[in-house]
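A structural walkthrough
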Amino acid sequence: MDLERARDFAAAEAARHHLFYGCANITQYGRLVGFDGRRAREYAAAGRVIERHSPAAQALLSGDIGIEALAALEPLFTQADLRLLDEEGKPLDDAETLAWAAVRPEREIRDAVM
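The present account deals with the structure reproduced in this document. Every value quoted in this text rests on a predicted model; they were computed, and no experiment measured them. Numbers given to residues run from 1 along each chain, matching the order in which its sequence is written. Totals for whole chains, interfaces and linings use all residues, but because this is a predicted model, local features are given only for residues with pLDDT of at least 70 and pairs of side-chain atoms are given and counted only at 80 or more. Note that the side-chain values use all heavy atoms of the structure and ignore hydrogens as well as water.

Time to look at a nonpolar patch on the surface. A contiguous nonpolar patch, built from Phe20, Tyr21, Leu32 and Val33 and spanning about 450 Å² of accessible area, is present on the exposed surface. Among the structural elements, Tyr21 can be located in the loop between helix H2 (17–20) and helix H3 (26–32). For Tyr21, a relative accessible area of 44% gives the class partly exposed. Surface patches are defined over residues having more than 30% relative accessible area and no salt bridge, joining like charges when they lie within 9 Å and nonpolar side chains (Val, Leu, Ile, Met, Phe, Trp, Tyr) when within 5 Å. Where accessible areas are quoted, they stem from the Shrake-Rupley method and a 1.4 Å probe; at the residue level, only the protein chains shown are allowed to cover. The rule for a salt bridge is simple: a side-chain nitrogen of Lys or Arg has to be within 4 Å of a carboxyl oxygen of Asp or Glu. Secondary structure counts use DSSP, requiring at least four H or I residues in a row for a helix and at least two E residues in a row for a strand, with both numbered from the N terminus. Exposed residues in this analysis have more than 50% of their type's maximum accessible area, buried residues have under 20%, and partly exposed residues fall in between, with area computed by a 1.4 Å probe over protein chains only.

This paragraph deals with helix H1 (residues 2–14). For H1, which comprises 13 residues, the first-to-last C-alpha distance of 18 Å matches the rise-based estimate of 18 Å (1.5 Å per residue) to within 8%. Within H1, the full set of buried residues consists of Leu3, Ala6, Phe9, Ala10 and Ala12. One or two steps after H1, the chain reaches Arg16, where phi turns positive at roughly 55°. Here a helix's expected span is defined as the number of its residues, less one, multiplied by 1.5 Å.

What makes a nonpolar core is a set of buried Ala, Val, Leu, Ile, Met, Phe, Trp, Tyr and Cys residues whose side-chain atoms join them at distances within 4.5 Å. One finds Phe9, Ile50, Ile65, Leu70, Leu73, Leu98 and Ile109 to be the most contacted residues of the largest nonpolar core, which totals 32 residues. If you list the elements that add at least two residues to this core, you get H1, H3, helix H4 (37–52), helix H5 (55–62), helix H6 (67–78), helix H7 (94–102) and helix H8 (106–113). Top element by residues in this core is H6. It accounts for seven residues.

Looking now at the packing of aromatic side chains. Pairs of aromatic rings are described using the distance from one ring centre to the other and the angle between the two planes. Centres within 6.5 Å are what make two rings of Phe, Tyr or Trp a pair, Trp counting through its six-membered ring; a difference in plane orientation under 30 degrees is then read as stacked, over 60 as edge-to-face, and the rest as tilted. Under the criterion given, the structure shown has six aromatic pairs. Note on geometry: a ring has a charge over it if NZ (lysine) or CZ (arginine) is within 6 Å of the ring centre and within 35 degrees of the ring normal. The ring of Tyr43 carries Arg39 above its face, with NZ or CZ at 5.0 Å from the centroid.

Remember that the coordinates give geometry; whether it matters functionally is a separate question.
This is the structure in structure tokens:
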């Protein structure tokens, strides 16, 4: 269910579907269709991660990672110049980033990405 919603919100935002309903952004559109605005943004961000890194979908389906964590990782998957670094200062690849996030709380992920 979360996977479908994430893909749907990302696609709706990319197509600017919210404008058709008179909404300024995906947050307002989310509220219009019965979601909390923050949750709508999280679904859209997670959907963008899934679009760019398909193993993220499997991680979500298996319960290894949640919507909130995928949303927090979104800048790392959509901006080529951003990467997490390991203890030796080497950048983590996409699979390593997902594995790193799977064992951390959302707040720690957000702090590391910001």
